[in-house]
Amino acid sequence: MKKPPAIGKTTVRGLNPFGGERAAQLVPQARLAGPMPWVIAIMIALTVIAAAGGLALNNVASNARADLAGGATVQILEASKQERNRQATAAEAMLAEHPAVASTRRVPDAELDALLEPWLGVGADNEAVPMPALIDIRLRDDATEDTLNALRGLLVSAAPSARVDAQSSWLAPVFSAISSLQWLSAALVILLGLTSAAAVWLAARSALGANNETIEIVHLLGGTDVQIARIFERSIGFDATLGGAVGLALGLIVILFLGQRFDELGSGMMAGGGLDWLDWIAIAIIPLIGVAIAMLTARITVLGALRRLL
Amino acid sequence: MNATEKEGITFDNVGLRYGADREVLSDVSFTLFPGSFYFLTGASGAGKTSLLKLLYLAQRPSRGAIRMFGTDVITLPRNRLPSYRRRLGVVFQDFRLVPHLSAYDNVALPLRVSGVREADLKKPVRDMMEWVGLGHRIDARPATLSGGEQQRVAIARAVIGRPELLVADEPTGNVDPEMALKLLRLFESLNRMGTTVVVATHDVHLLKKVPESLIMRLDKGRLSDPTGALRYPPRANTQAGNRGDGRG
Ligand SMILES: Nc1ncnc2c1ncn2[C@@H]1O[C@H](COP(=O)(O)OP(=O)(O)OP(=O)(O)O)[C@@H](O)[C@H]1O
Ligand SMILES: [Mg+2]
């Protein structure tokens, strides 16, 4: 009978860390053929879309508010054209001097005509339908009732027909609607975020469930807890990165598509709904959080399984 | 305390129960002397696998003391056990091969876990596969191997790291008598290099093939040791020079 092979001393012990490709092959690599990256991709895509929607809505609201909060409108409601122009000129001059006012702009009659054209028809006789003179005011601060009262007091003698209104007061119902939408989208983002976290957690756990036997074998062969946990962390981290990238891409496609549709609306209000770079960073962080959750799950699950063994 | 006792493995009044059941091992006391060859026999359910589990550090006893390589392994913190497990080779009764690794990678696994470089393990692993008669099956998954072939992969994996203690649970249960003998020769040659060997088996014919072996007989969880040889073996049994070398 042939002699058994000599078992060399070199094979007895080494200092090479057990990692990389050799260690990774201990976990079956399903990659995109397995359900886990896709679960993560879908959850990341939904979260990205919800977050983008929430952030855009936030921008719409805060841009509109900033635009309007510091704005006031003075209307000179006077039937006689000469008197109206006199009062408007006087009022504009006085307002420009006032410390609370940053700038004023008399809205030219031609612009008002253009605004009313769809309702009154081209070349309508101005005198037949008396139009107020309009002065747009940018205030240095928000248009509080105190500031508005001060301006009213200022104008009472020189332009008795003047009426001063905060621009935001016209849009109060719009703001309250936007604000409810903001709450709704914040709640949706939080709920979706939690659901995604739970889905990633469950996907990672079930991916590990099939590997309990392997965990136990490597444990009995002298693998340390950290060694074994790292193998699974790495493998699941890879799957999650794949899923996160796919999910982010899907989400971005939807966001850009929706963004284009809203741009086409050309509405002044929706124009404020673009995302700035901080928003984009926040969106880009979402898949990273997903990967972190997946890896943390792997670590906790494997260490938990190992702790049940001696 | 002499050198052999210090390095050997000692069980002292060890008892084991699973959950709240009765003890499956009671008052088990013995010393495994370094470089000796032991057979562990007993009826099915006598507690052989349970005793081996204590030996390969998969289970803590319910009572008693176990010392291995000069250390009390019962009070040892968990995180220090892996370095002891790496000094052992185990053939599990149910093989426990990693199902999606090739036969080659299963055999290489203990070496990789203990940090042997790829370049250093290639030849030993191939030679070992060759020797257990699986040189042509190195890329096969365990599921595509016969029971006996899986058993030989399990044995190759257990001996590849040249362990200080080899524990084998029914290692010849699925192979023909000729292969059984061949595998026994592998254990013996490892034994001659200094490895302590414990083989659990039902097969009484096997016992006679290793004349200088010591027999541990378990009966309903109790170790019979009428002559006290398992606790205080005659010096002759621990002397490598006294063994017949004409075999093989
Ligand atoms: N994990 C366990 N939980 C509960 N009882 C167990 C467990 N493992 C073994 N036992 C019981 O312990 C006793 C000894 O089992 P063990 O596997 O050690 O026997 P054995 O001598 O190896 O038998 P065999 O020759 O059939 O392999 C049996 O009665 C068995 O039912
Ligand atoms: Mg058994």
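Keep in mind that this is a model prediction, so the values were computed, not measured.

1. Re the confidence of the model for chain A
Thought 1: In the predicted model, chain A carries a mean pLDDT of 80, and 85% of its residues have values of at least 70.
Thought 2: Ranking the elements of chain A by mean pLDDT puts helix H1 (residues 20-24) of chain A last, at 68, and helix H8 (residues 212-220) of chain A first, at 89.

2. Observations regarding the coordination of the magnesium ion (ligand 2)
Thought 1: For the magnesium ion (ligand 2), every protein donor is listed as B:Thr49 (OG1) and B:Gln93 (OE1), and the spread of their distances is 1.8 to 2.3 Å. Of this pair, B:Thr49 sits in helix H2 (residues 48-55) while B:Gln93 sits in the loop between strand E6 (88-91) and helix H4 (103-113), and the two are 44 residues apart along the sequence.

3. A word on the nonpolar core
Residues and elements named next belong to chain B.
Thought 1: Ranked by internal contacts, the top residues of the largest apolar core, which has 43 residues, are Phe37, Phe39, Val125 and Phe187.
Thought 2: Elements supplying a minimum of two residues to this core: strand E3 (37-42), H4, helix H5 (118-131), helix H6 (147-159), strand E7 (165-169), helix H7 (177-192), strand E8 (196-200) and helix H8 (204-209).
Thought 3: Sequence-distant contacts of Val125, that is, excluding residues within four places in its chain, are made with Tyr104, Val107, Ala108, Leu111 and Ile160.

4. Section: H8(A)
Think of an α-helix as 3.6 residues a turn; residues three or four steps apart then line up on the same face.
Thought 1: Every buried residue belonging to H8(A) is among A:Thr214, A:Ile215, A:Ile217, A:Val218, A:His219 and A:Leu220, and all of these are buried.
Thought 2: The inward-facing, buried residues of H8(A) abut helix H9 (225-265) and helix H10 (277-307) of chain A together with helix H3 (81-85), H4 and H6 of chain B.
Thought 3: Two residues or fewer after H8(A) comes A:Gly222, characterised by a positive phi angle close to 100 degrees.

5. Looking at the side chain of A:Thr147
Residues and elements named next belong to chain A.
Thought 1: You can see Thr147 is positioned in helix H5 (residues 145-155).
Thought 2: Looking at Thr147, the relative accessible area reads 17%, which means it is buried.
Thought 3: Setting aside chain neighbours within four positions, we find Thr147 in contact with Ala100, Leu139 and Asp142.

6. Remarks on the environment of B:Val204
Thought 1: Inspection of the secondary structure assignment puts B:Val204 in helix H8.
Thought 2: Between the C-alpha atoms of B:Val204 and B:Val175, which are 29 residues apart in sequence, the distance is 15 Å.

7. Here's the deal with the pairing of E6(B)
Residues and elements named next belong to chain B.
Thought 1: Both faces of E6 are covered, namely the face carrying Leu88 and Val90 and the face carrying Gly89 and Val91.
Thought 2: Bridge analysis of E6 against E7 gives four bridges, and the strand direction is parallel. Within E7, the residue paired with Leu88 across the bridge is Leu165.

8. Digging into the sheet that holds strand E2 (residues 101-107) of chain A
Residues and elements named next belong to chain A.
Thought 1: Strand order in the open sheet made by the four strands is E2-E3-E1-E4, with antiparallel pairing throughout. In the strand order of this sheet, the two ends are held by E2 and strand E4 (162-166), each with one partner. Sheet twist, expressed as the mean angle between neighbouring strand axes with direction ignored, is 20 degrees.
Thought 2: Here strand E1 (residues 71-76) pairs with E4 via five bridges, running antiparallel. Note on E4: the bridge partner recorded for Ala72 is Ala166.
Thought 3: Contacts from H5 reach E1, E2, strand E3 (133-139) and E4, with the element oriented near 170 degrees to E4.

9. Side note on the confidence of the model for chain B
Fine structural detail should not be taken from predicted coordinates in areas where pLDDT scores are low.
Residue and element names in this part refer to chain B.
Thought 1: With 91% of its residues at a pLDDT of 70 or more, chain B has an overall mean of 86.
Thought 2: Under a pLDDT of 50 for its full length, residues 1-6 has, in the predicted model, seven contacts with residues more than four places off or in other chains.
Thought 3: Across residues 236-248 the pLDDT falls below 50, and counting only partners more than four positions away or on other chains, this stretch makes 18 contacts in the model.
Thought 4: In the predicted assembly, ipTM is 0.87 and pTM is 0.75.

10. Side note on the sheet that holds strand E2 (residues 23-32) of chain B
Residue and element names in this part refer to chain B.
Thought 1: Taken in spatial order, the four strands make up an open sheet running E2-E1-E4-E5, and their pairing is antiparallel. Edge strands, defined here as strands with exactly one partner in the open sheet, are E2 and strand E5 (71-72).
Thought 2: Inspection of the sheet shows strand E1 (residues 9-17) paired to strand E4 (residues 63-68) by five bridges, in the antiparallel sense. When the bridges of E4 are listed, Phe11 appears paired with Ile66.

11. A look at the packing of helix H7 (residues 172-209) of chain A against H10(A)
Residues and elements named next belong to chain A.
Thought 1: One way to put it is that H7 packs onto H10 with a least axis distance of 9 Å and a crossing angle of 45 degrees. With respect to H10, the axis of H7 lies oblique. Relative to H10, the crossing made by H7 is right-handed. On the side of H7, the interface is formed by Ala197, Val200, Trp201, Ala204, Arg205 and Leu208, while H10 contributes Gly290, Ile293, Ala294, Thr297, Ala298, Ile300, Thr301 and Val302.
Thought 2: Split into classes, the residues belonging to the contact of H7 with H10 amount to 10 nonpolar, three polar and one charged.

What counts as what
- Residues numbered from 1 in each chain as written.
- Chains lettered and ligands numbered in written order.
- Predicted model: local features only at pLDDT ≥ 70, side-chain atom pairs only at ≥ 80, totals over all residues.
- Heavy atoms only, no water.
- pLDDT = per-residue confidence, 0-100.
- Helix = DSSP H or I, 4+ residues; strand = E, 2+ residues; numbered from the N terminus.
- Donors = N, O, S within 2.8 Å, 3.2 Å for Na, K, Ca; no water.
- Core = buried A, V, L, I, M, F, W, Y, C linked by side-chain atoms within 4.5 Å.
- Buried < 20%, exposed > 50% of the residue type's maximum accessible area, 1.4 Å probe, protein only.
- Contact = heavy atoms within 4.5 Å.
- Pairing = 2+ DSSP bridges.
- Axes fitted to C-alpha atoms, helices over the stretch in contact; angles between N-to-C directions.
- Parallel < 35°, antiparallel > 145°, perpendicular 65-115°, else oblique.
- Left-handed = near helix turned anticlockwise from the far one by under 90°.
- Nonpolar A, V, L, I, M, F, W, Y, C, P; charged D, E, K, R; others polar.

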